[in-house]
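The chain contents come next:
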Amino acid sequence: MQKYIKECQAFIITAGAGMGVDSGLPDFRGNKGFWKIYRPFENKYGFTDCANPQFMNYNPNLFWGFYGHRLNMYRNAIPHQGFQILKKIFLNRDYFIVTSNVDGQFQKAGFDINHIYEMHGSIHKFQCTPCDKLYDANQFQDLSIDLEKFIAADPLPQCECKHLLRPNILMFGDWDWISTIYDQQEKRFFEFVEKYKNNKVCVIEIGAGTSIPSIRNLGDRILDNIKQSIMIRINPTEADIPNDDRYFSIQKGGLEGIKELGA
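Just so it is clear, the model here is predicted, and its values are computed rather than measured. Throughout this document, residue positions are counted from 1 along each chain, in the order its sequence is written. Local features in this predicted model are restricted to residues of pLDDT 70 or higher, and side-chain atom pairs are both shown and tallied only at a pLDDT of 80 or more, whereas totals for entire chains, interfaces and linings draw on every residue. The side-chain quantities take in all heavy atoms of the structure and omit both hydrogens and water.

Before going further, it helps to spend a moment on the UniProt feature "binding site: Zn(2+)" (unreviewed entry) in the protein. This chain's UniProt record puts "binding site: Zn(2+)" (unreviewed entry) on C128, C131, C159 and C161. A compact arrangement is adopted by the annotated residues: their sequence extent is 34 residues, whereas the largest C-alpha distance between any two is 8.8 Å. Take C131: it is sitting in the loop between β4 (121–127) and β5 (134–136). Whether two residues touch is decided by their heavy atoms; if any such pair falls within 4.5 Å, the residues are in contact. When neighbours within four sequence positions are excluded, C131 is seen to be in contact with C159 and C161. Helix numbers and strand numbers start at the N terminus; a helix is a DSSP run of H or I with at least 4 residues, a strand a run of E with at least 2. The residue C159 is located in the loop between β7 (151–152) and β8 (166–169) in this model. Throughout, exposure labels follow a simple rule: accessible area from a 1.4 Å probe, protein chains only, divided by the maximum for the residue type, with under 20% read as buried, over 50% as exposed, and the rest as partly exposed. A residue is classified by how much of its surface remains accessible, and C159, at 4% relative accessible area, is buried. UniProt positions are given in the numbering used here, feature names are shortened, and annotations may be inferred rather than shown by experiment.

Shown next, in the form of structure tokens:
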């Protein structure tokens, strides 16, 4: 594995929620983890209830209490040491990052924004569903949230057309996500795959589980398209790999697993 890392021409990082845990970010795996932070929601609403565009119509102040708190949490998070270790591994070699996370931590850590594909969108962008207008979340710094009840006070983020805004994130049961930004990111990513399809490429999957298998499925597709690629799966609880000598497993959390790569 270490030999291949040294020899490969390019890297593809595929990152799930486990990548942010060492930065103090929750992965919301199941309602128990969700309720640990959002205690007032316990036995009333689950993560899939809140991360749903219909919830904004049903209770906009609670919806924005949840998403406003998440936005502040991600804004304040400091990317862990593993991000910088990856940058050293990539030194003088090409890379692309694909993440299902909406937290913007790779950008904050200094990775090239043109080499990042956020497949589920970004909480740092807001959208107006009726008029398709997009906003930078930094335009809405004054959102006030009661941290005892997780209810956001009026006024809530609003478009120029007076409709309520929502995060530009692919939610559960979501038919209204405006994916314009991420379609362009996806296009650049598959151009990258095409560019390196005949080269040695190392795919490093970090903290991607099977409950929402977007990242895992993509990794398998990459190995199908790039015959000289290998996959290194870093996961503390779901590190199983196929019976295929191109797959390697590191049964550790994100930061500890990345340290092993850079050893």
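There's more to say after this.
Another aspect to go through is the sheet that holds strand β10 (residues 230–234). DSSP bridges decide pairing: two strands pair if at least two such bridges lie between them. Read across the sheet, six strands follow the order β3-β2-β1-β9-β10-β11 without closing on themselves; strand pairing throughout is parallel. With partners counted over all chains shown, the strands left at the sheet margins are β3 (116–118) and β11 (247–250), one partner each. The mean inter-strand angle of the sheet, taken between neighbouring strand axes irrespective of direction, is 15°. Sheet analysis places strand β1 (residues 10–15) next to strand β2 (residues 94–99), joined by six bridges and oriented parallel. Residue pairing across strands places I12 opposite F96, the latter belonging to β2. Where helix α8 (residues 180–195) meets the sheet, its contacts fall on β1, β2 and β3, and the angle it forms with β2 comes to roughly 135°. Only the stretch in contact is used when a helix axis is fitted, and all axes are lines through C-alpha atoms; the angle between N-to-C directions ranges over 0 to 180 degrees.

Here we take up the sheet that holds β4. Across a sheet, strands are paired by hydrogen bonds formed along the backbone, either parallel or antiparallel in direction. As summarised here, the arrangement of the three strands in space is β5-β4-β8, forming an open sheet in which the pairing is antiparallel. Pairing within the sheet leaves two strands with one partner each, and these edge strands are β5 and β8. Neighbour-to-neighbour, the strand axes of the sheet open up by a mean angle of 55°, direction not taken into account. One ladder, built from four bridges, connects β4 with β8; its direction is antiparallel. In the sheet register, G121 faces β8, and the bridge partner there is I169. Against the sheet, α8 makes contact with β4, β5 and β8, and its axis sits at roughly 145° relative to β4, the strand it touches most.

Looking at the element boundaries, L25 is found in the loop between β1 and α2 (30–37). Measuring from C-alpha to C-alpha, the distance between L25 and L91 comes to 27 Å, with 66 residues separating the pair along the chain.

Let us now look at the nonpolar core. What makes a nonpolar core is a set of buried Ala, Val, Leu, Ile, Met, Phe, Trp, Tyr and Cys residues whose side-chain atoms join them at distances within 4.5 Å. Of all hydrophobic cores here, the largest spans 37 residues; its most connected members are F34, Y38, F41, W64, F66, Y67 and F126. Within the residue set of this core, elements represented by two or more residues are α2, α3 (47–50), α4 (53–58), α5 (60–76) and β4. No other element matches α5, which puts eight residues into this core. Ignoring sequence-local partners within four residues, the contact set of Y38 consists of F28, F66, H69, R70, M73 and F150. Listed in part, the 27 residues of the second largest apolar core include F106, I116, I232 and I234.

Turning our eyes to something else, we now look at the layout of surface pockets. A water-sized probe, rolled over the atoms, reveals where empty space remains. Using a grid of 1 Å spacing that covers the protein atoms alone, one calls a set of points a cavity when a 1.4 Å probe fits there but cannot get out, and a pocket when the set is open and has protein on both sides within 12 Å along at least five of seven lines; lining residues are those with an atom within 4 Å of a point. Grid points are joined across faces, edges and corners, and a volume is the space filled by probe spheres set on the points. In this structure, the largest pocket spans a volume of roughly 810 Å³. Looking at the largest pocket, it is lined by 34 residues, and the ones nearest its centre are A17, D27, F47, S100 and I212. Among the secondary structure elements, those contributing two or more residues to the lining of the largest pocket are α2, α3, α5 and α9 (214–225). In terms of residues, the lining of the largest pocket owes the most to one element, α5, which gives three residues. Under the scheme applied here, ten amino acids are nonpolar (Ala, Val, Leu, Ile, Met, Phe, Trp, Tyr, Cys and Pro), four are charged (Asp, Glu, Lys and Arg), and all others, including Gly, are polar. Residues belonging to the lining of the largest pocket are distributed by class as follows: 16 nonpolar, 13 polar and five charged.

Attention now moves to α5. Helices are assigned an expected span. That span is 1.5 Å times one less than the residue count. Spanning 17 residues, α5 covers 24 Å between terminal C-alpha atoms, matching the ideal 24 Å at 1.5 Å per step. Counting buried positions over the 17 residues of α5 gives 13, a clear majority of the element.

A word on the packing of aromatic side chains. Planes of paired rings set the category: under 30 degrees apart is stacked, over 60 is edge-to-face and the rest tilted, where pairs are Phe, Tyr or Trp rings (Trp by its six-membered ring) whose centres lie within 6.5 Å. Taken as a whole and judged by the stated rule, the model has 31 aromatic pairs. Between the aromatic rings of F34 and F66, the centroid separation amounts to 5.6 Å while the plane-to-plane angle is 80°, which identifies the pairing as edge-to-face. Pair noted here: F34 is in helix α2 and F66 is in helix α5, with a separation of 32 residues, a long-range link. Across the pair, exposure class does not vary: F34 and F66 are buried alike. An angle of 15° between the planes, with centres 5.0 Å apart, marks the rings of F90 and Y95 as stacked. The two residues F90 and Y95 agree in class, both being buried. When the NZ atom of lysine or the CZ atom of arginine is within 6 Å of a ring's centre and also within 35 degrees of its normal, the charge is said to sit over that ring. A cation over an aromatic ring shows up here: K87 above the ring of F111, its NZ or CZ 5.8 Å from the ring centre. The lysine or arginine in question, K133, covers the ring of Y135, its NZ or CZ lying 5.2 Å from the ring centre.

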